[in-house]
Amino acid sequence: MSITVKYFANLKELIGRDRDDIEFRDGMTVADVWKQVKGDVSDTMGYLTAVNMEYAPEHTKIKDGDEVAFFPKVSGG
């Protein structure tokens, strides 16, 4: 029972890898996954998430076998 976690753009560099496979726990949310994988990355930087290639908020429940992706928030002018 596991989920795949992918990191994109500068999150990949900050975390030091482009993906993880972590153990699934019943009741997990996107926020729980982030807490488990973020290492020293500050929560204040903000991020966007997708579950199975669809944008999803932090409270989204994860299922066994899901893919969770983290993207940095982007601003521009």
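Residues numbered from 1 in each chain as written. Predicted model: local features only at pLDDT ≥ 70, side-chain atom pairs only at ≥ 80, totals over all residues. Heavy atoms only, no water.

Caption draft 1: Representation of the overall build of the chain in the model. Within the chain one finds 2 helices and 5 strands. Against the 2.2 N^0.38 benchmark of 11 Å for 77 residues, the chain shows a C-alpha radius of gyration of 12 Å, consistent with a compact globule. Taken along its principal axes, the extent of the C-alpha atoms in the chain is 40 × 25 × 20 Å. Within the chain, the proportion of its 77 residues that are buried is 40%. Across the chain, contacts joining residues at least 24 apart in sequence account for 51% of those joining residues at least 6 apart. By element, 50% of the accessible surface of the chain is carried by carbon and sulfur atoms, the whole surface being about 4900 Å². (Helix = DSSP H or I, 4+ residues; strand = E, 2+ residues; numbered from the N terminus. Rg over C-alpha atoms; globule rule 2.2 N^0.38 Å. Buried < 20%, exposed > 50% of the residue type's maximum accessible area, 1.4 Å probe, protein only. Contact = heavy atoms within 4.5 Å. Areas by Shrake-Rupley, 256 points an atom, 1.4 Å probe, with all protein chains shown as cover.)

Caption draft 2: Just the environment of K73, in detail. Within the element layout of this structure, K73 appears in the segment after β5 (67-72). Distance in space between the C-alpha atoms of K73 and K61 is 21 Å, their sequence separation being 12 residues. The residues contacting K73, other than those within four sequence positions of it, are G46, Y47 and L48.

Caption draft 3: How the structure looks around unusual backbone geometry. Phi is positive for A9, close to 55°, though the residue is something other than glycine. Tracing the chain through its elements places A9 in the loop between β1 (2-7) and α1 (10-15). Phi is positive for M53, close to 70°, though the residue is something other than glycine. Tracing the backbone through its elements, the reader meets M53 in the loop between β3 (47-51) and β4 (54-55).

Caption draft 4: Structural context of the packing of aromatic side chains. For the structure on display, the rule yields 6 aromatic pairs. With a centroid separation of 6.4 Å and an interplanar angle of 15°, the aromatic rings of Y7 and F70 are classed as stacked. Taken together, the residues Y7 in strand β1 and F70 in strand β5 connect sequence positions 63 residues apart. What makes Y7 buried here is its relative accessible area of 2%. When its relative accessible area of 0% is taken as the criterion, F70 is described as buried. (Phe/Tyr/Trp six-rings, centres within 6.5 Å; stacked < 30°, edge-to-face > 60°.)

Caption draft 5: Representation of the side chain of K38 in the model. Looking at where K38 falls in the secondary structure, it is placed in the loop between α2 (30-37) and β3. Once residues within four sequence positions are removed from consideration, K38 is found in contact with I15 and D43.

Caption draft 6: Inspection of the side chain of T29 at higher detail. Assignment of secondary structure puts T29 in the loop between β2 (19-23) and α2. Each residue touching T29, except ones within four places of it in the same chain, is listed here: E58, H59, T60, K61 and I62.

Caption draft 7: Layout of the nonpolar core. One finds I3, V5, V33, W34, I62 and F70 to be the most contacted residues of the largest nonpolar core, which totals 19 residues. Only β1, α1, α2, β3 and β5 provide two or more residues apiece to this core. In terms of residues, this core owes the most to one element, α2, which gives 4 residues. In this view, V5 contacts D18, R19, D20, I22, V33, V37, V68 and F70; residues no more than four positions away in its chain are not counted. (Core = buried A, V, L, I, M, F, W, Y, C linked by side-chain atoms within 4.5 Å.)

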